[in-house]
Amino acid sequence: YIHGSIPDNYFSSNQSAVTIVSNYLTGKLPEYDVNSIHIYLQYNLLSGTIPLRYLQDNVQDLRLFDNELTGTLPNIINQNINYLYLSNNFLSGVIPSDEFWTL
């Protein structure tokens, strides 16, 4: 198992996917400046809010379920997201149904 937080520079510009699943990662989700389209960070102990970039950039598959994330979801979510898994966190807000008309 991996313990500790995700370094701010973990995401690199040439990664299409980031996968760190079923570990003991703690701390906040790092801001990133990449075009990762698949982000798998489920089954960890991550806390804090979800940075807007995770929901509004080129991400197509975002799996952050089973963490300790908090905050309110933004009103606008990237319509390119095909998979959005946020269950078992402490999030609030509503995902507008028109955001996912193609699912």
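Check the entry above for the structure.
Computed from a prediction, not measured in an experiment: that's the story for all the values here.

(A) Representation of the overall build of the chain. Looking only at helices and strands, the chain features 1 helix and 9 strands. Split into buried and exposed, the 103 residues of the chain put 37% on the buried side. Sequence separation of at least 24 residues holds for 12% of the intrachain contacts in the chain that already meet a minimum separation of 6.

(B) Here's a closer look at the sheet that holds strand E5 (residues 45-48). Pairing in this open sheet of 5 strands is parallel, and the strands run E1-E3-E5-E7-E9 from one edge to the other. Of all strands in the sheet, those bounded by a partner on one side alone are strand E1 (3-4) and strand E9 (90-92). Bridge analysis of strand E7 (residues 68-72) against E9 gives 3 bridges, and the strand direction is parallel. By the bridge assignment for E9, threonine 72 is matched with serine 92.

(C) A look at the packing of aromatic side chains. Under the counting rule described, the total for this entry stands at 4 aromatic pairs. Measuring from centroid to centroid gives 5.1 Å for tyrosine 43 and phenylalanine 65, while their planes differ by 85 degrees, and the two rings are edge-to-face. Placement of the pair is tyrosine 43 in the loop between strand E4 (38-40) and E5 and phenylalanine 65 in the loop between strand E6 (61-63) and E7, with a sequence separation of 22 residues. Residue tyrosine 43 is classed as partly exposed on the basis of its relative accessible area, which comes to 42%. Aromatic rings pair up to connect Tyr43, Phe65, Tyr83 and Tyr85 into one cluster.

(D) Inspection of the pattern of salt bridges at higher detail. Taken as a whole and assessed by the stated rule, the structure comprises 1 salt bridge. A salt bridge links arginine 63 to aspartate 61; the shortest N-O distance between them is 2.7 Å. Residue class for aspartate 61 comes out buried when judged on its relative accessible area of 4%.

(E) Broad picture of the nonpolar core. Core analysis: the largest hydrophobic core is formed by 21 residues, its most contacted members being Leu29, Leu41, Ile50, Tyr54 and Leu64. Residues within four places of leucine 41 in sequence aside, it is in contact with Ile6, Val18, Ile20, Leu29, Leu46, Arg63, Leu64 and Asn67.

(F) Highlighting the sheet that holds strand E8 (residues 83-85). Spatial ordering of the open sheet is given by E2-E4-E6-E8, a layout of 4 strands whose pairing is parallel. Each edge of the open sheet is held by one strand with a lone partner, namely strand E2 (17-19) and E8. Going across the sheet, the axis of each strand differs from the next one's by a mean of 10 degrees, ignoring polarity. Sheet topology places E2 next to E4; 3 bridges connect them, and they run parallel. Residue pairing across strands places valine 18 opposite isoleucine 39, the latter belonging to E4.

Cut-offs used in this document
Residues numbered from 1 in each chain as written. Predicted model: local features only at pLDDT ≥ 70, side-chain atom pairs only at ≥ 80, totals over all residues. Heavy atoms only, no water. Helix = DSSP H or I, 4+ residues; strand = E, 2+ residues; numbered from the N terminus. Buried < 20%, exposed > 50% of the residue type's maximum accessible area, 1.4 Å probe, protein only. Contact = heavy atoms within 4.5 Å. Pairing = 2+ DSSP bridges. Phe/Tyr/Trp six-rings, centres within 6.5 Å; stacked < 30°, edge-to-face > 60°. Salt bridge = Lys/Arg side-chain N within 4 Å of Asp/Glu carboxyl O. Core = buried A, V, L, I, M, F, W, Y, C linked by side-chain atoms within 4.5 Å. Axes fitted to C-alpha atoms, helices over the stretch in contact; angles between N-to-C directions.

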